[in-house]
Amino acid sequence: VTAPKPQRMATKPVPEPTVASRPFWAGCAAGELRLPRCRDCRVVHFYPRSFCPACGGADLEWIRSRGTGTVHATTVVRRPFWGDAFAEDVPYNVVLVALDEGITMLSAVVGVPAESVYIGMPVAVEFVPRGEISLPLFRPREIDPSGDRAEQR
Ligand SMILES: [Zn+2]
């Protein structure tokens, strides 16, 4: 436990912002989870793209997500891929988070053992820097059923 971990040459990959996703990544850097919404049909969608997947409209705006949701699906990664980059992280989990705004986002739950993540687990976004990017990862959150309902107006 106290022995220093060996230096590894491999570095973890980071997302490369595109024209369509640049506002999303700028939001993450600012501590805000931003989601694209169509001004024509009002549908919130994800991932970011230059048109609305519901109606094909190109008039999009960005809304600030509450950053809360529940785990929709989870799996545990036990063998590192990407070379050695994730060798020290296994086992880790990969999740689909169902955000309160109605979209799902591929991410990971941090701060708890990978195996303890379950479908339906309430989570909240947490931004974790990696290189030039802040990654939107998630942490388990406590919910007070009455308080949570009151928050949703
Ligand atoms: Zn639309």
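Anyway, here's the lowdown on the structure attached to this text. (Residues numbered from 1 in each chain as written. Predicted model: local features only at pLDDT ≥ 70, side-chain atom pairs only at ≥ 80, totals over all residues. Heavy atoms only, no water.)

With respect to the packing of aromatic side chains
Note the cut-off: For Phe, Tyr and Trp, rings pair up if their centres lie within 6.5 Å, where Trp contributes its six-membered ring, and each pair is then called stacked (planes under 30 degrees apart), edge-to-face (over 60) or tilted (otherwise). To sit over a ring, a charge needs its Lys NZ or Arg CZ within 6 Å of the ring centre and within 35 degrees of the ring normal.
Counted under the stated rule, the structure contains three aromatic pairs. Ring centres 5.0 Å apart and planes at 80 degrees place the aromatic pair Phe-24 and Trp-25 in the edge-to-face group. Cluster of aromatic residues (ring-pair linked, three or more members): Phe-24, Trp-25 and Phe-46. One Lys or Arg, Arg-49, reaches over the ring of Tyr-47 and ends 4.0 Å from the middle of that ring.

Focus: the coordination of the zinc ion
Rules: Metal donors were taken as nitrogen, oxygen and sulfur atoms no farther than 2.8 Å from the ion, or 3.2 Å where the ion is Na, K or Ca. Water is excluded, so coordination may look unfinished. Labels for metal geometry use angle windows, namely 85 to 135 degrees for all angles of a four-donor tetrahedral site, and for square planar (four donors) or octahedral (six donors) sites opposite donors over 155 degrees apart plus all others within 65 to 115; sites meeting none of these are irregular. Residue exposure (1.4 Å probe, protein chains only): buried if accessible area is under 20% of the type maximum, exposed if over 50%, otherwise partly exposed.
Surrounding the zinc ion are the protein donor atoms Cys-38 (SG), Cys-41 (SG), Cys-52 (SG) and Cys-55 (SG), which sit 2.3 to 2.4 Å from the metal. Each of the four donor atoms around the zinc ion contributes to a set of angles spanning 105 to 119 degrees, which defines the coordination as tetrahedral. Of note, the donors binding the zinc ion are all from one chain and are spaced C-x2-C-x10-C-x2-C. Overall, Cys-55 belongs to the partly exposed group, its relative accessible area being 43%.

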